[in-house]
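Take a look at the letters that make up each chain.
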Amino acid sequence: MSTRVTAGIKAKGSRGSRNVFFGVAPQKGLCVTAAGTVVHGKLEGGKRVVKGMRSFEEIPHTGRNGWLNLLKFWRENRFQQLHKHMERTFNTLGPIYREKLGTLSSVNIMLPSDVSELFKSEGLHPRRMTLQPWATHREIRNHSKGIFLKNGEEWRADRLQLNKEVMMSAAVKRFLPLLDEVAKDFCRMLQTRMEKEGRGEEGKCVLTIDPSPDLFRFALEASCHVLYGERIGLFSSSPSLESQKFIWAVERMLTTTPPLLYLPPRLLLRMGAPLWTQHATAWDHIFSHAEARIQRGYQRLSTSLGRASPTGTAGGHYTGVLGQLMEKGQLSLDLIKANITELMAGGVDTTAVPLQFALFELGRNPEVQESVRQQVRASWAQAGGDPQKALQGAPLLKGTIKEVLRLYPVGITVQRYPVRDIVLQNYHIPAGTLVQACIYPMGRSEKVFEDPLHFDPSRWSREEGQRAEAAGFRSLAFGFGARQCVGRRIAENEMQLLLMHILLSFHLSVPSSEDLNTTVTLILQPETPPRITFSKL
Ligand code: HEM
């Protein structure tokens, strides 16, 4: 079906400027004819038109009634299997489809070429999907200083400041030793546990456990060390209950988010008040935990900043991201708090869960495990204790993380609202449409990856051009461009360092190598955390 679409779609770019991320001029003007088709290359009435382009309405869809679709999803519990639903729908409808779920309407894509087009049109201040209708509720709860809902120029200014402390290579150099210390301590803790609880055959110590609670503690300990420059003792025999509560609160916040994205506030207040209360209470806890830590850090740093060294570190030692932001003084204290809170909330499950998948995949692929270990050993021996050098010399570690995130991306989609009209799969997509790059189906598609279900970290390091995987827009787990994950460098290094130290000390295997069933809350997770057998090398 073709519907009348507004004629004369003019490429705007962001504020009429060049797209700084791609260094290319904005897309040429397009024009949709009155019949809804677009003709290319000709000028009709002074406007450039694209040949044979189909209208937005013609994009295959999963049902026009968003409420009916939502009801079906709810009844069949499909939210938790959204990734599988997307995979099936692409197989049925092709590489682009529209979906309406309650108030949310999106165009879903999965081919790298389309994703590349999408990112070209993200503008200078790319917008992500947010819980916008709930902003006021959050404000009522006094969390209005949060940056969670920020978009546009205001967001960009803060983000550029933050990038200096968490994304730039100088910042990575500063926080990498802190992550390394926590990773080594994790292995010591595991070793002690193995000695106490492990069973030995022929003098070999073997421990089979569900490592997920320890991995969550590791992720929180690592985050706190990097953000506050402070250890919180989560590997001790009596870790603080407060920290455990924080981990639970983040989990609750994540599981209660998806329904809030699809329901309008009024309906949710009637039907889902308990859900909203749980969600807001979880945030309250996250905020107060972060607030208390920040307050302590603030007091500690105010004292030590009096003795600030010329290297930009208080009292001569690195005081974490909080310390750096305070010392630079370019963000207000409220903004610093908001950014640190968001980094805390975003930094635990996102790394703890992929680490579970990584241990599982290395455990069930012993040959891959051995080849990564050999590279790690050689690199570690050459690096003379320098963790950064050790990681640089072991590209298979990076490949392992990429491979884990290809098969099990933390977020199953990356979303953008293009700032100008674009054409995807020859369909017209108006500016402002929510377009989702569906990275779970992409990572498992034969159209995109050779032998996609094979866990092969080396696929990422083969020479560019030799295999399709080396080319762009296939590794998107951290998003892309100005709005990409701000914790990316922390996450990549944290996960690689932990795997490095584990591989140097332990052999991994799995009691069952059956595929893991996965479920989506806000993030993709195993339905049941895998058990891993650690044996001392
Ligand atoms: C494997 C680990 C992680 C993955 C796969 C991941 C993935 C993502 C993705 C896909 C986005 C949206 C990017 C976009 O729209 O282009 C994002 C945003 C974000 N992530 Fe991560 N993340 C991870 C770890 C972390 C960590 C460790 C932190 C904090 C220390 C963090 C903090 C954030 C924040 C604050 C944002 C919002 C950024 C903004 O909009 O300015 N993430 N992440």
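Note that the coordinates shown come from a computational prediction; the quantities given were computed from them, not determined experimentally.

Reading the values: rules and limits
- Residues numbered from 1 in each chain as written.
- Predicted model: local features only at pLDDT ≥ 70, side-chain atom pairs only at ≥ 80, totals over all residues.
- Helix = DSSP H or I, 4+ residues; strand = E, 2+ residues; numbered from the N terminus.
- Buried ≥ 20, exposed ≤ 12 C-beta atoms within 10 Å, placed from the backbone.
- Contact = placed C-beta atoms within 7 Å.
- Arc of directions from axis to C-beta.
- UniProt positions renumbered as here; feature names shortened; annotations may be inferred.
- Near = placed C-beta within 6 Å.
- Nonpolar A, V, L, I, M, F, W, Y, C, P; charged D, E, K, R; others polar.
- Pairing = 2+ DSSP bridges.
- Expected span 1.5 Å × (residues − 1).
- Core = buried A, V, L, I, M, F, W, Y, C linked by C-beta atoms within 7 Å.
- Axes fitted to C-alpha atoms, helices over the stretch in contact; angles between N-to-C directions.
- Left-handed = near helix turned anticlockwise from the far one by under 90°.
- Parallel < 35°, antiparallel > 145°, perpendicular 65-115°, else oblique.
- pLDDT = per-residue confidence, 0-100.

Q: Would you explain the overall build of the protein chain in this entry?
A: Check the secondary structure of the protein chain and you find 18 helices and 14 strands. Each of the 537 residues in the protein chain was classed as buried or not, and the buried ones make up 41%. In the protein chain, of all internal contacts separated by at least 6 residues, the share reaching a separation of at least 24 is 70%.

Q: How should I be thinking about helix 1 (residues 66–75) in this particular structure?
A: Given 3.6 residues to a turn, an α-helix orients residues that are three or four positions apart in the same direction. All of the buried residues in helix 1 are N69, L70 and F73. Along the axis of helix 1, the buried residues cluster in a sector spanning 100°; they form a single face. Exposed and oriented more than 90 degrees from the buried face of helix 1 are L68 and R75. Downstream of helix 1 by a residue or two, N77 has a phi angle that is positive, lying close to 55°.

Q: Quick question: what am I supposed to make of the UniProt feature "binding site: heme" (unreviewed entry) in the protein chain here?
A: In the UniProt entry, the feature "binding site: heme" (unreviewed entry) is given for C485. Checked against the element boundaries, C485 lands in the loop between helix 17 (439–443) and helix 18 (488–505). Apart from residues lying up to four places away in sequence, C485 is in contact with F478 and G479.

Q: What's the story with the site of the ligand in this structure? I'm lost.
A: In the vicinity of the ligand, 25 residues are found, and the nearest of them are G346, G347, G479, C485 and G487. Sorting the residues of the shell around the ligand by element identifies helix 12 (333–346), helix 13 (349–364) and helix 18 as the ones contributing at least two each. Looking at the shell around the ligand residue by residue, the class counts come to 12 nonpolar, 9 polar and 4 charged.

Q: How should the pairing of strand 10 (residues 435–438) be read in this particular structure?
A: Every regular strand shows the same layout, with side chains that alternate between the two sheet faces. Burial along strand 10 is two-sided: the face carrying V435 and A437 and the face carrying Q436 and C438 are both buried. Note: strand 4 (residues 104–109) against strand 10, 3 bridges, orientation parallel. Directly across from I109, in strand 10, lies its bridge partner A437. Pairing geometry for strand 7 (residues 413–416) and strand 10, over 4 bridges, is antiparallel. Its bridge partner being in strand 10, R416 is matched across the sheet by V435.

Q: Sorry if this is basic, but what is going on with the environment of E195 here?
A: Mapped onto the elements, E195 comes out in helix 6 (residues 169–197). Judged by C-beta crowding, with 12 C-beta atoms within 10 Å, E195 ranks as exposed. With 11 residues separating them in the primary sequence, E195 and V206 have C-alpha atoms 8.8 Å apart.

Q: Would you explain the environment of E492 in this entry?
A: Positionally, E492 belongs in helix 18. Expressed as a C-alpha distance, the spacing of E492 and F216, which sit 276 residues apart in the sequence, is 16 Å.

Q: So what exactly am I meant to see when it comes to helix 13 here?
A: End to end, helix 13 covers 23 Å across 16 residues, agreeing with the expected 22 Å (1.5 Å per residue, within 8%). In terms of residue burial, helix 13 counts as a mostly covered element, since 16 of its 16 residues are buried.

Q: What's the story with the nonpolar core in this structure? I'm lost.
A: Taken as a class, soluble globular proteins show a tendency for nonpolar side chains to be buried jointly. Counting 117 residues, the largest nonpolar core has I109 and I286 as its most contacted members. Excluding its chain neighbours within four sequence positions, the residues that come into contact with I286 are F246, A249, V250, M253, T341, M344 and A345.

Q: What's the story with the packing of helix 6 against helix 18 in this structure? I'm lost.
A: Axes are the key here: two packed helices are described by the angle between their axes and the distance separating the axes. Packing of helix 6 against helix 18 leaves a shortest axis separation of 9 Å and a crossing angle of 35°. In terms of crossing hand, the pair formed by helix 6 and helix 18 is right-handed. Residues V172, F175, L176, L179, D180, A183, K184, F186, C187 and Q191 of helix 6 lie in contact with helix 18, whose contacting residues are R489, I490, N493, E494, L497, L498, H501, I502 and S505. Of the residues assigned to the contact of helix 6 with helix 18, the class counts are 11 nonpolar, 4 polar and 4 charged.

Q: Teacher, can you tell me more about the packing of helix 14 (residues 366–383) against helix 16 (residues 395–407) here?
A: At a closest axis distance of 8 Å, the pairing of helix 14 and helix 16 adopts a crossing angle of 140°. The angle between helix 14 and helix 16 places the two elements in the oblique class. Only L396, L397 and T400 of helix 16 make contact with helix 14, whose side of the interface consists of S371, V372, Q375 and V376. Partitioned by chemical class, the residues of the contact of helix 14 with helix 16 number 4 nonpolar, 3 polar and no charged.

Q: Even after reading the chapter, I still don't get the sheet that holds strand 4, so can you show me in this structure?
A: In sheet architecture, strand pairing relies on hydrogen bonds along the backbone and comes in two forms, parallel and antiparallel. Taken together, the 4 strands give an open sheet; going across it, the order is 3-4-10-7, and neighbouring strands pair in mixed fashion. The open sheet is flanked by strand 3 (96–101) and strand 7, the only strands paired with a single partner. Ignoring strand direction, the axes of neighbouring strands in this sheet form an average angle of 30°. Here helix 1 sits on the sheet in contact with strand 3 and strand 4, set at roughly 85° to strand 3.

Q: Can you help me understand the confidence of the model for the protein chain in this one?
A: The predicted structure's coordinates, where accompanied by low pLDDT, should not be read in detail. Per-chain confidence: the protein chain averages 81 in pLDDT, with 79% of residues scoring 70 or above. Element-level pLDDT for the protein chain is lowest in strand 1 (residues 38–44), with a mean of 38, against a maximum mean of 98 in helix 18. pLDDT under 50 marks residues 1–48. Its contacts with residues more than four places away, or in other chains, come to 97 contacts. Low pLDDT (under 50) marks residues 308–312, which in the prediction has 5 contacts with non-local residues, meaning those over four places away or in another chain. For this predicted complex, the interface confidence comes out at an ipTM of 0.99, alongside a pTM of 0.86.

Q: It is not clear to me how the environment of L162 should be interpreted in this structure. Could you clarify?
A: Mapped onto the elements of the fold, L162 is located in helix 5 (residues 152–166). Take L162: there are 23 C-beta atoms within 10 Å of it, and that puts it in the buried class. Through-space distance from the C-alpha of L162 to that of V486 is 8.0 Å; in sequence the pair is 324 residues apart. Other than its neighbours up to four places away in sequence, L162 contacts N339 and V486.

Q: Where do I start with unusual backbone geometry in this structure?
A: Working note: non-glycine residues mostly have negative phi, and peptide bonds are mostly trans. Positive phi values are uncommon outside glycine, yet N77 reaches one of about 55°. Counting through the fold element by element, N77 comes out in the loop between helix 1 and helix 2 (82–93). Even without being glycine, D451 reaches a positive phi, approximately 45°. Among the structural elements, D451 can be located in the loop between helix 17 and helix 18.

Q: Whenever I open this one, the pairing of strand 14 (residues 532–536) confuses me. Can you help?
A: Examined bridge by bridge, strand 6 (residues 204–209) and strand 14 share 4 bridges and lie antiparallel to one another. Note on strand 14: the bridge partner recorded for L207 is F534. Strand direction decides the pairing type here: strand 11 (residues 506–509) and strand 14, joined by 4 bridges, are antiparallel. From the neighbouring strand, S509 faces strand 14, where its bridge partner is T533.

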